[in-house]
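Residue strings, one per chain:
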Amino acid sequence: MSETQSPEALLDALQSEGVVVIDAETDEVSTTEAFEADREVYYDTYVTMGDAEFHESVAEVFGLDSAAEAAERVDELDVSREEFATFLTLRSNVDDSYTIVELTTMAQMATELGPETPVPDAVEHLDDDSYEAFVNAHDRCVITVWKLFCEPCEAMKEQLDEVLAAFPDGVPVGGLAGERSPEFCQSVGVNAAPAVVLFEDGEPVERITGRTDPSPLAERVEEVYDV
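Residues numbered from 1 in each chain as written. Predicted model: local features only at pLDDT ≥ 70, side-chain atom pairs only at ≥ 80, totals over all residues. Heavy atoms only, no water.

Within an unreviewed UniProt entry, the label attached to the protein reads Thioredoxin domain-containing protein, and the organism entered is Haloarcula sebkhae.

Encoded structure:
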């Protein structure tokens, strides 16, 4: 049995396979647009999938005896849906010379590297680890959801000042990358971007998905928040 390749060798493999690109000037490593376009297909399938179906998929892919065993392994290894989607994307994009262990390591690396965030600088950047504290710190708040390679998202960003003006003064606005925040998306029932989720007293009270012009957005916000 051949030895598992080192992380350095696997990073080189990711580059040669066209999964990541390394900036010659800064040495920054990021995933390629082509890889992200493929990963989005898998991600959209698994991000809102129920736990039972997700565990069945994990069991099938890794040859486990049951969904229950898969659930235990997922919890034990803290496997996210994003990592699983990345693993499936890698498996479909690279040659078959890599072992399961190597593909798993490469998927973890690609997940951590990721592309540039789609979240605009004008809002507070959040993720699955920080959104709950953000929500709990405010009586009312707004969380926006963005995705890479999303034309409606880019169109909405062009009106970002007007979009932010649609929210009442003093209501903080956060933003997160849908691809990197499956826990949030699943918890609030959002499976598309752009999306706007209005919170009050720690609970989501409205979800607005798809590109929304500032005027109708402001009207809906006024109705929900009664301002």
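Alright, that's what it looks like, and here's the rest.
Caption draft 1: How the structure looks around the state of the cysteines. A complete count under the given rule lists 1 disulfide for this structure. Across a sulfur-sulfur distance of 2.5 Å, C150 and C153 are joined as a disulfide pair. Here the S-S torsion is close to 75°, and the disulfide linking C150 with C153 is therefore right-handed. Here C150 and C153 have matching classes, each one buried. Here C141 stays unpaired: no disulfide links it, and the sulfur of C185, its closest cysteine neighbor, is 15 Å away. Using a relative accessible area of 5% as the deciding quantity, one classes C185 as buried. (Disulfide = S-S within 2.5 Å. Buried < 20%, exposed > 50% of the residue type's maximum accessible area, 1.4 Å probe, protein only.)

Caption draft 2: Molecular detail of helix α3 (residues 51-62). Between its terminal C-alpha atoms α3 stretches 16 Å, which fits the 16 Å expected from 12 residues at 1.5 Å a residue. By the burial criterion, the buried members of α3 are F54, H55, S57, V58 and A59. Its buried side turned inward, α3 meets α2 (33-46), α4 (67-77) and α5 (81-93). Directly beyond the C-terminal end of α3, a positive phi value near 70° is found at G63. (Helix = DSSP H or I, 4+ residues; strand = E, 2+ residues; numbered from the N terminus. Expected span 1.5 Å × (residues − 1). Contact = heavy atoms within 4.5 Å.)

Caption draft 3: How the structure looks around the sheet that holds strand β7 (residues 203-209). Here we have 5 strands laid out as an open sheet, ordered β3-β5-β4-β6-β7, and mixed in their pairing. Looking along the sheet, the strands with just one partner apiece sit at the ends: β3 (124-125) and β7. Across 2 bridges, the pairing between β3 and strand β5 (residues 173-177) is parallel. By the bridge assignment for β5, E124 is matched with G174. (Pairing = 2+ DSSP bridges.)

Caption draft 4: Region of the structure containing unusual backbone geometry. Look at the link from A193 to P194: it is a cis peptide, with omega at -5°. With respect to the helices and strands, P194 occurs in the loop between α10 (182-188) and β6 (195-200). Unusually for a residue other than glycine, D78 sits at a positive phi of about 55°. Within the element layout of this structure, D78 appears in the loop between α4 and α5.

Caption draft 5: How the structure looks around the side chain of D128. Mapped onto the elements of the fold, D128 is located in the loop between β3 and α7 (131-136). Nearest to the buried, unbridged D128 among oppositely charged side chains is R81, at 8.8 Å. Looking at D128, its side chain comes within polar contact range of the main-chain nitrogen of F184, at 2.9 Å. The residues contacting D128, other than those within four sequence positions of it, are R180, S181, P182, E183 and F184. (Lys, Arg positive; Asp, Glu negative; His and termini not counted. Salt bridge = Lys/Arg side-chain N within 4 Å of Asp/Glu carboxyl O. Polar contact = N/O pair within 3.5 Å; in protein donor to acceptor, adjacent residues only side chain to side chain.)

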